[in-house]
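Chain and residue survey
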Amino acid sequence: MKLLTTLLLPLILFIMAGCTSLNKHPIYNNEGYAVSGYDVVAYFTDNKAVKGDRQFQIEYQGTQWLFASQQHQQLFEQSPERYIPQYGGYCAYAMSSGFVVSSDPLAFTVFEDKLYLNYSLSVRENWLENKGPFIKEADEYWLKKHK
């Protein structure tokens, strides 16, 4: 019963949070910025979520990206695909079940040099317990939606 509750509760949250279309929004954009204005480079260099500064802002793939420093902005400009979160920044756990759901920039994981975001810290904990299969399933769904 506990396993069922553990798996069912995040699913209900995803449905209640509302899904979106990848066709309209291939990069999760909240408050006008990718990753809610957090610096995607900092996840790799500082291993923490760091809010970006409007002083260090660029547009990439039709979305505004903020960075904490000019150095981070330059790193992103040199190799944006390295830093963009998997699945456009949508929740990795939800993506593994075929849902396109928002994410919390504090619920992150850098795994095998890729950034994954989740809907919440509790969803992230569930995702971490079995991330290998979840990543495989999410990759398949993401590729299907981007053909």
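Just so we're clear, the structure is a prediction, and the values are computed from it rather than from any experiment.

As enumerated under the stated definition, the model contains 10 aromatic pairs in all. An angle of 80° between the planes, with centres 5.4 Å apart, marks the rings of Phe 44 and Tyr 83 as edge-to-face. Taken together, the residues Phe 44 in helix α2 (residues 40–45) and Tyr 83 in helix α4 (residues 80–83) connect sequence positions 39 residues apart. Residue Phe 44 shares its accessibility class with Tyr 83, and that shared class is buried. Taken together, Tyr 60, Trp 65, Phe 67 and Phe 76 form an aromatic cluster joined through their ring pairs. Stacked on the ring of Phe 44, the Lys or Arg Arg 82 has its end atom at 5.2 Å from the ring centre. For the cation-ring pair, Lys 131 lies above Phe 111, with the distance from its terminal atom to the ring centre recorded as 4.6 Å.

The next subject is the pattern of salt bridges. Opposite charge on two side chains makes pairing possible when the charged atoms of those side chains draw close. Throughout the structure, instances matching the rule amount to three salt bridges. Linking Asp 113 and Arg 82 is a salt bridge whose minimum nitrogen-to-oxygen distance equals 3.2 Å. In this pair, Asp 113 is assigned in the loop between β5 (104–111) and β6 (114–118) and Arg 82 in helix α4, connecting sequence segments 31 residues apart. Across the pair Arg 124 and Glu 125 runs a salt bridge whose closest N-O atoms are separated by 3.1 Å.

This part covers unusual backbone geometry. Phi angles above zero are rare outside glycine, and Val 35 is one such case at about 50°. You can see Val 35 is positioned in the loop between β2 (33–34) and α2. A positive phi is found at Glu 112, a non-glycine position, where the angle reads about 50°. Looking at where Glu 112 falls in the secondary structure, it is placed in the loop between β5 and β6.

With that settled, the discussion passes to the pairing of β5. In regular strands, side chains alternate between the two faces of the sheet. Relative to β6, β5 is paired through five bridges, and the arrangement is antiparallel. What sits directly across from Asp 104, in β6, is Asn 118. Hairpin remark: β5 followed by β6, antiparallel, with two residues in the connecting loop; positive phi at Glu 112, about 50°.

Okay, the environment of Glu 125 next. With respect to the helices, strands and loops of the structure, Glu 125 is situated in helix α6 (residues 121–129). You can call Glu 125 partly exposed: its relative accessible area is 43%. Through-space distance from the C-alpha of Glu 125 to that of Ala 107 is 8.9 Å; in sequence the pair is 18 residues apart.

The next thing to look at is the packing of α6 against helix α7 (residues 131–145). Two elements in contact, α6 and α7, have axes whose closest approach is 5 Å; the angle formed by their N-to-C orientations is 100°. By the angle between their axes, α6 is roughly perpendicular relative to α7. Side by side, α6 and α7 meet where Asn 126, Trp 127, Leu 128 and Glu 129 of the first sit next to Lys 131, Phe 134 and Ile 135 of the second. Class assignment for the residues of the contact of α6 with α7 results in four nonpolar, one polar and two charged.

Quick notes on the rules
Residues numbered from 1 in each chain as written. Predicted model: local features only at pLDDT ≥ 70, side-chain atom pairs only at ≥ 80, totals over all residues. Heavy atoms only, no water. Phe/Tyr/Trp six-rings, centres within 6.5 Å; stacked < 30°, edge-to-face > 60°. Helix = DSSP H or I, 4+ residues; strand = E, 2+ residues; numbered from the N terminus. Buried < 20%, exposed > 50% of the residue type's maximum accessible area, 1.4 Å probe, protein only. Lys NZ or Arg CZ within 6 Å of the ring centre and 35° of its normal. Salt bridge = Lys/Arg side-chain N within 4 Å of Asp/Glu carboxyl O. Pairing = 2+ DSSP bridges. Axes fitted to C-alpha atoms, helices over the stretch in contact; angles between N-to-C directions. Parallel < 35°, antiparallel > 145°, perpendicular 65-115°, else oblique. Contact = heavy atoms within 4.5 Å. Nonpolar A, V, L, I, M, F, W, Y, C, P; charged D, E, K, R; others polar.

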